[in-house]
Amino acid sequence: MAGHPLHLEASWKDRVGDYFERKDMRELADFLRAQKRDGKAIYPPGPEIFAAFEHTPFEQVKVVILGQDPYHGPGQAHGLCFSVRPDVPVPPSLQNIFKEIERDLGIARPDHGCLTPWADRGVLLLNTVLTVERGRAASHRGMGWEGFTDTVIRCLSEEREGLVFLLWGSHAGAKAGLIDGRRHAILRTTHPSPLSAHRGFLGCGHFSQTQAFLQARGMSPLDWSLPPARTMQDWRGD
């Protein structure tokens, strides 16, 4: 499988690398290889499937944002949920995320949608399904990724203290049962998609609540700003 556990960042490999020995994960690897043999384009590119883990080592996670599956358009997905490369148009859901940050924290909207700086500052940008076929949203759901990402969420819940989990939409909200709400903050609302953002996401205050929770735990608040697009080529790992 592209993204074999050997490619996982060391702190994650130590905790969840063994999961890849399971039968369902071997079947997932076979499925992905068969898709590629059939000439189907799979996103994100193989080396970027586990980018969220590479940019945010286990001990550095402060906030978890859960997405569903990667963007399925050419050139969009690069392994971080909701994020696109600096030269790719900002998708509508991410536009609403930026709109809420501006309303909630007064941070001006950036001129691009690359969230790599957030990941490097401790925001685990995790999709619950890590691959998708071009042009077919949700095409790899139920193929095995969910068990792996559920294991990641449980591991964070059990081994860390004082994380903030941002669960937007019913799909992400369904993962709340994997998280110990006595040890972590669980913030839930509607998905930032234009179809649902006005039913709860816009105005939710999740970003200021995150800052307050981290500070109450003696941690520094997150910097939710992003550098200008013209400087992003200098950002580590981008």
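Below, the structure is looked at part by part. (Residues numbered from 1 in each chain as written. Predicted model: local features only at pLDDT ≥ 70, side-chain atom pairs only at ≥ 80, totals over all residues. Heavy atoms only, no water.)

### A closer look at the sheet that holds strand 5 (residues 164–168)
What counts here: Pairs of strands are assigned from DSSP output, requiring at least two bridges between the strands. For helices the rule is a DSSP run of H or I covering at least 4 residues; for strands it is a run of E covering at least 2, with both sets numbered from the N terminus onward. Axis definition: a line fitted to C-alpha atoms, limited for helices to the stretch in contact. Angles are taken between N-to-C directions and run from 0 to 180 degrees.
Overall, parallel pairing links the 4 strands, which are arranged 3-2-5-6 in an open sheet. Unpaired on one side and paired on the other, strand 3 (123–127) and strand 6 (185–189) mark the two borders of the sheet. Within the sheet, the average angular offset between the axes of one strand and its neighbour, ignoring direction, is 20°. Of the pairings in the sheet, the one linking strand 5 to strand 6 comprises 5 bridges and is parallel in character. The residue bridging leucine 166 from the neighbouring strand is leucine 187, located in strand 6.

### Let's talk about the nonpolar core
What counts is decided by this rule: The criterion is simple. A nonpolar core is a set of buried Ala, Val, Leu, Ile, Met, Phe, Trp, Tyr and Cys residues joined through side-chain atoms within 4.5 Å. The cut-offs for exposure are 20% and 50% of the maximum accessible area for each residue type, with area from a 1.4 Å probe on protein chains only; residues under the lower value are buried, those over the upper are exposed, and the others partly exposed. Between two residues, a contact is recorded if the distance between any of their heavy atoms is within 4.5 Å.
Among the nonpolar cores identified, the biggest contains 70 residues, and Ile65, Trp118, Trp145, Phe148 and Leu156 are the most heavily contacted of them. Sort the elements by how many residues they give to this core and helix 6 (residues 145–159) lands first, with 6 residues. If sequence neighbours within four positions are ignored, leucine 156 has contacts with Trp12, Phe58, Val61, Val64, Leu124, Leu163, Phe165 and His184.

### Observations regarding helix 2 (residues 23–37)
Just so we agree on the cut-off: Helices are assigned an expected span. That span is 1.5 Å times one less than the residue count. Taken from the helix axis, the directions to the C-beta atoms give the arc we talk about.
With 15 residues, helix 2 extends 21 Å from end C-alpha to end C-alpha; this agrees with the ideal 21 Å at 1.5 Å per step. For helix 2, the set of buried residues is Met25, Leu28, Ala29, Phe31, Leu32 and Gln35. Taken end-on, helix 2 shows its buried residues confined to a sector of 160°, consistent with a single buried face. Turned more than 90 degrees away from the buried face of helix 2, the exposed residues are Lys23 and Arg37. Residues of helix 2 that are buried sit in contact with strand 1 (42–43), strand 4 (132–133) and helix 6.

### Observations regarding unusual backbone geometry
That bond from tyrosine 43 to proline 44 is cis: its omega, -5°, falls within 30 degrees of zero. Its location among the elements puts proline 44 in the loop between strand 1 and helix 3 (51–55). Look at phenylalanine 82: it is not a glycine, yet its phi comes out positive at around 70°. Considering the arrangement of structural elements, one finds phenylalanine 82 in the loop between strand 2 (63–67) and helix 4 (92–105). For phenylalanine 82, a relative accessible area of 9% gives the class buried.

### A closer look at empty space enclosed by the protein
Condition: Using a grid of 1 Å spacing that covers the protein atoms alone, one calls a set of points a cavity when a 1.4 Å probe fits there but cannot get out, and a pocket when the set is open and has protein on both sides within 12 Å along at least five of seven lines; lining residues are those with an atom within 4 Å of a point. Grid points are joined across faces, edges and corners, and a volume is the space filled by probe spheres set on the points. Amino acids are sorted into nonpolar (Ala, Val, Leu, Ile, Met, Phe, Trp, Tyr, Cys and Pro), charged (Asp, Glu, Lys and Arg) and polar (every other residue, Gly among them).
Summed over the entire model, instances satisfying the criterion amount to 2 cavities of 30 Å³ or more. As a volume, the largest cavity reaches approximately 50 Å³. Lining the largest cavity we find Phe98, Ile101, Glu102, Ile107, Ala108, Pro110, Trp224, Ser225 and Leu226. Residues that form the lining of the largest cavity fall into these classes: 7 nonpolar, 1 polar and 1 charged.

### Here's the deal with the pattern of salt bridges
How we decide: Each salt bridge in this description consists of a side-chain nitrogen of Lys or Arg and a carboxyl oxygen of Asp or Glu lying within 4 Å of one another.
Enumeration over the complete set of coordinates arrives at 15 salt bridges. Between arginine 141 and aspartate 69 there is a salt bridge whose closest N-O contact spans 4.0 Å. A residue pair is termed long-range when its members are at least 10 positions apart, and arginine 141 in the loop between strand 4 and helix 6 and aspartate 69 in the loop between strand 2 and helix 4 qualify at 72 residues. According to the relative accessible area criterion, aspartate 69 is buried, its value standing at 15%. A salt bridge links glutamate 100 to arginine 103, with the nearest nitrogen and oxygen atoms 2.8 Å apart.

### Focus: the packing of aromatic side chains
Definition in use: Pairing of aromatic rings covers Phe, Tyr and Trp, the last through its six-membered ring, and needs centres within 6.5 Å; plane angles under 30 degrees mean stacked, over 60 mean edge-to-face, and all others mean tilted.
Counted according to the given criterion, the structure contains 16 aromatic pairs. Ring geometry for phenylalanine 50 against tryptophan 145: centres 5.9 Å apart, planes inclined by 70°, an arrangement best described as edge-to-face. Within this pair, whereas phenylalanine 50 is found in the loop between strand 1 and helix 3, its partner tryptophan 145 is found in helix 6, the two being separated by 95 residues in sequence. A relative accessible area of 0% places tryptophan 145 in the buried class. An angle of 80° between the planes, with centres 5.0 Å apart, marks the rings of tryptophan 168 and phenylalanine 201 as edge-to-face. Note that tryptophan 168 is positioned in strand 5 and phenylalanine 201 in the loop between strand 6 and helix 8 (206–216), a separation of 33 residues in sequence. Of the two residues, tryptophan 168 and phenylalanine 201, both sit in the buried class. A connected cluster of aromatic rings, assembled from ring pairs, spans Trp12, Tyr19, Phe20, Phe50, Phe53, Phe58, Trp145 and Phe148.

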